[in-house]
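Coordinate analysis (summary)
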Amino acid sequence: MVQSAILGFPRMGVNRDLKKATEAYWGGKLSQAELLAEAKRLRLAHWKIQKDAGVDVIPSNDFALYDQVLCHIQDFGAVPERYTKDGLDTIDEYFAMGRGHQKEGVDVSSLEMVKWFDSNYHYVKPTLQDNQTFKLVDSPKAVVEFKEAKDAGIHTRPVLVGPVSFLHLGKADRGQSVDPIDLLHKLLPVYEQLLVKLKEAGADTVQIDEPVLVFDLPSKAKAAFKPAYEKFASLGDKIPKLVFTTYFGDIVHNLDAVPKDVYGLHIDLVRNPEQLQTVIAALGPKTILSAGVVDGRNIWKTNLKRAIETAEAAIQKLGKDRVIVATSSSLLHTPHTLASEKKLDPEVADWFSFASEKAVEIAVIAKAVTDGPAAVREHLEANAKSMQARATSTRTNNPQVKDRQSKVTEQDHNRKSEFPTRIDAQQKKLNLPLFPTTTIGSFPQTKDIRIQRNRFTKGEITEEQYDKFIEQEIKDNVKIQEELGLDVYVHGEPERNDMVQYFGERLDGYAFTTHAWVQSYGSRCVRPPIIVGDISRPAPMTVKESKYAVSVSNKPMKGMLTGPVTCLRWSFPRDDVHQSIQAQQLALALRDEVVDLEKAGVDVIQVDEPALREGLPLRSGKERDAYLDWAVKAFKLSTSGVEDATQIHSHFCYSEFQDFFHAIAALDADVLSIENSKSDAKLLRVFVDSAYPRHIGPGVYDIHSPRVPSEQEIKDRIEEMLQFLKPEQLWIDPDCGLKTRQWKETKEALVNMVNAAKYFRTKY
Ligand code: GLN
Ligand code: ZN
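Described in the following lines is the structure provided in the data block. (Residues numbered from 1 in each chain as written. Chains lettered and ligands numbered in written order. Predicted model: local features only at pLDDT ≥ 70, side-chain atom pairs only at ≥ 80, totals over all residues. Heavy atoms only, no water.)

Examining the site of ligand 1
Selection criterion: A single heavy atom is enough: if one lies within 4 Å of a molecule or strand, its residue is considered near that molecule or strand. Distance and chemistry together define a polar contact, namely a pair of N or O atoms within 3.5 Å, with one atom able to donate a hydrogen and the other to accept it when in protein, and with adjacent residues in sequence counting only for side-chain atoms on both sides. Computed with the Shrake-Rupley method and a 1.4 Å probe, the accessible areas treat only the protein chains shown as cover for residues. Note on residue classes: Ala, Val, Leu, Ile, Met, Phe, Trp, Tyr, Cys and Pro are nonpolar, Asp, Glu, Lys and Arg are charged, and everything else, Gly too, is polar.
Taken together, the neighbourhood of ligand 1 is formed by Ile440, Gly441, Ser442, Glu493, Met499, Asp608, Pro610, His651, Cys653, Cys736, Gly737 and Lys739. With respect to ligand 1, the side chain of Ser442 contributes an N or O atom lying 2.7 Å from an oxygen atom. Within the side chain of Lys739, an N or O atom sits 3.0 Å from an oxygen atom of ligand 1. When isolated, ligand 1 has an accessible area of 290 Å², and the protein chains bury 93% of it. Residues belonging to the shell around ligand 1 are distributed by class as follows: five nonpolar, four polar and three charged.

Below, the structure written as structure tokens:
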């Protein structure tokens with residue numbers, strides 16, 4: 001028979017229970033025992049959901065209080081000394097690595113956290129020493145949780161991050177120079193012990209995640225698979241059988257690194273269905289193929305017919321006993337259950353499938369290929385109906401949008417004149433001093449703002465009252481900027497709940513959920529809006545607020561928009577049309593907004609694209625070039641409808657552009673503001689090397705901390721920047737928006753920033 005498998009389940013619980021519990025624990029409102037009991041309750045509940053759905057292979061050790069890689073760091077004894085030296089207990093040491101610890105005389109910052117492949121989940125980076133040793137803890141979490149499930153009558157398949165991925169995803173600690181992959185021989189004994197313990201506990205298979213196989217790997221990392229998996233193979237029956245698991249990309253370019261005699265190999269056939277035959281051809285004679293056919297990264301109902309066809313194609317070559325059907329990746333990236341969505345339009349709700357529903361889908365697919373489609377006829381019929389309804393719905397298809405897209409010309413992507421002409425026209429209008437100062441858009445989102453927004457959402461105050469409140473906030477923000485002496489003002493974004501959701505709510509083609517939270521990092525969850533159909537803008541989205549801001553200020557006012565690529569990346573995208581098409585639709589909607597802002601007297605317009613980089617395909621080459629091509633075009637299409645005298649800004653929360661600087665330059669934004677306070681000013685060299693002609697505002701201070709930078713610090717920073725940028729190019733601004741800050745520190749920091757800018761004006 002063909003088995004069904006899930007690679008991992010979301011941990012938060014139906015009501016973000018884990019978030020609530022961990023935050024209550026951090027806040028001293030829940031004891032450690034209570035936190036652990038809640039975690040156990042969630043694990044059991046999640047196993048039961050999968051079991052009740054009829055899933056054959058249910059994962060364990062996919063749970064984590066903060067992050068699964070962090071759990072491995074601790075269980076492998078790879079905790080840097082700064083976290084162990086104060087004698088924190090295991091749980092507090094774990095959280096200290098995840099989020100820092102500043103209590104009772106202990107003061108350590110967190111380990112670095114970065115995006116998990118191209119998802120919006122963040123993992124904690126293994127941070128290793130030159131003399132790193134590893135030691136398995138006495139009660140490894142994988143073993144404990146396997147037994148926990150077993151005691152509850154559920155036989156699970158433990159999930160481990162594989163040794164090559166663990167090391168390749170890690171880094172040398174500060175001041176250390178070790179290449180993590182060189183530590184493989186020291187790490188393998190730990191895996192060996194862990195696998196033996198799992199076997200003793202009763203595990204017969206283990207899912208060993210080696211997703212780094214989808215990258216372009218350095219030869220050393222690629223070569224590491226062989227010794228690692230040969231070692232495991234040599235252990236024979238002493239350890240469970242291993243399912244070597246890859247996802248988020250194809251592995252065709254690295255097939256030679258897949259261990260030949262491994263028990264199972266999992267591949268992502270949602271992302272890369274075309275790899276199936278090549279992988280099958282390269283499979284060891286007995287290796288089982290785990291076919292990832294249910295999307296772990298998106299919320300669409302699986303097209304069962306298509307998924308079954310894919311599984312059948314594999315079965316035809318390998319036979320039923322050598323195929324498992326599975327989710328493409330862990331379901332961590334999907335919300336818990338569609339059942340919580342009480343407000344969704346039923347037409348649209350019928351198109352979705354969250355983690356709990358995907359569990360049913362995978363079981364149905366397995367049954368269909370095992371017993372034949374007749375065994376699940378009702379499911380298949382209902383599914384076909386949903387697919388048909390979605391494909392033909394007027395919500396999906398808007399002929400006017402398609403018509404407009406068909407008329408987009410090359411010229412629509414370009415500004416009227418080249419930058420030198422534009423900047424002259426802009427300068428005439430804006431009259432800015434040298435080293436102009438500005439901010440990135442948002443000002444502190446105070447408690448009062450949240451309260452009023454909540455009251456408005458609940459209908460406790462009228463729209464008129466809420467608008468009045470927002471106007472007052474804007475007026476106050478303008479006043480503060482006047483006092484600070486900034487040069488280009490912003491309205492402060494008090495009306496925005498979130499930089500993508502706010503636009504999504506005002507665009508046709510989007511759907512919103514109430515409970516569809518997805519873990520981003522630690523206890524932080526996001527609720528991405530869903531792009532369900534062709535996107536259009538029924539009415540202006542930000543003009544009212546910006547126009548009001550212009551009317552109460554005596555200096556240039558910058559309008560704020562979220563760019564097309566960021567809107568797309570931070571939403572659940574459609575899976576029925578290419579992302580480039582969705583980006584273009586968003587771009588056209590934003591283009592209208594940009595032009596309307598210009599008409600309303602907004603002379604400076606910033607279109608933020610902080611998510612541009614994370615959309616970069618994982619491998620260089622054709623796919624990456626194609627992405628950059630359409631992403632840049634979308635940005636240009638959204639910003640080039642304006643006159644020369646209107647100044648277009650863009651903002652990115654990073655400055656590591658080396659890999660794709662040509663794309664950043666191609667955006668042709670008049671002014672770019674980028675993060676730079678935490679990065680090396682040397683990164684600005686790319687602007688020099690490419691003789692970048694336009695203006696740049698590298699952030700002069702970090703906005704993620706309440707710390708106030710001194711005037712001198714900012715001056716030093718500007719001095720460094722001037723080694724790379726011309727004075728007439730340089731803008732002075734913070735790293736990013738200020739919404740998470742308090743007013744007190746915001747004002748103090750901005751006073752120092754403005755003074756530093758003034759100082760340089762006297763020098764040049
Ligand atoms: N304009 C946005 C803000 O200031 C930009 C946020 C971001 O780059 N993440 O909040
Ligand atoms: Zn930013």
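Resuming the write-up.
What to know about the sheet that holds strand S24 (residues 695-698)
Which entries qualify depends on this criterion: Strands were regarded as paired on the criterion that DSSP finds at least two bridges between them. Secondary structure elements follow DSSP: runs of H or I no shorter than four residues count as helices, runs of E no shorter than two count as strands, and numbering proceeds from the N terminus. Contacts: residue pairs with any heavy atoms within 4.5 Å of one another. Angular values range over 0 to 180 degrees, each being the angle between N-to-C directions of two axes fitted as lines to C-alpha atoms, with helices fitted over their stretch in contact.
Spatially, the six strands line up as an open sheet ordered S15-S20-S21-S22-S23-S24, and their pairing is parallel. A single partner strand is all that each edge strand has here, and the edge strands are strand S15 (489-490) and S24. Pairing geometry for strand S20 (residues 557-562) and strand S21 (residues 604-608), over five bridges, is parallel. Bridge pairing in S21 places Thr562 opposite Asp608. Running at roughly 105 degrees to strand S22 (residues 647-652), helix H16 (residues 419-430) makes contact with S21, S22 and S24 of the sheet.

Thoughts on the packing of helix H3 (residues 68-75) against helix H5 (residues 90-99)
In plain terms, the rule: Working definition: roughly parallel below 35 degrees, roughly antiparallel above 145 degrees, roughly perpendicular at 65 to 115 degrees, and oblique for all remaining angles. Two helices that cross are described as forming a left-handed crossing if the nearer one is turned anticlockwise from the farther one by less than a right angle, and a right-handed crossing if clockwise.
Between H3 and H5, whose axes approach to 10 Å, the crossing angle comes to 125 degrees. With respect to their mutual orientation, H3 and H5 come out oblique. Pair H3 / H5 crosses with right-handed handedness. Residues Leu70, Cys71, Ile73 and Gln74 of H3 form the contact with H5, whose participating residues are Thr90, Glu93, Tyr94, Met97 and Gly98. Taken together, the residues that form the contact of H3 with H5 break down as five nonpolar, three polar and one charged.

Considerations on the packing of helix H11 (residues 304-318) against helix H13 (residues 355-371)
Relative to each other, H11 and H13 sit at 50 degrees, their axes nearing to 10 Å. With respect to their mutual orientation, H11 and H13 come out oblique. As for how H11 packs across H13, the hand of that crossing is right-handed. Side by side, H11 and H13 meet where Leu304, Ala307, Ile308, Ala311, Glu312 and Ile315 of the first sit next to Glu361, Val364, Ile365, Ala368 and Val369 of the second. Among the residues forming the contact of H11 with H13, the class breakdown is nine nonpolar, no polar and two charged.

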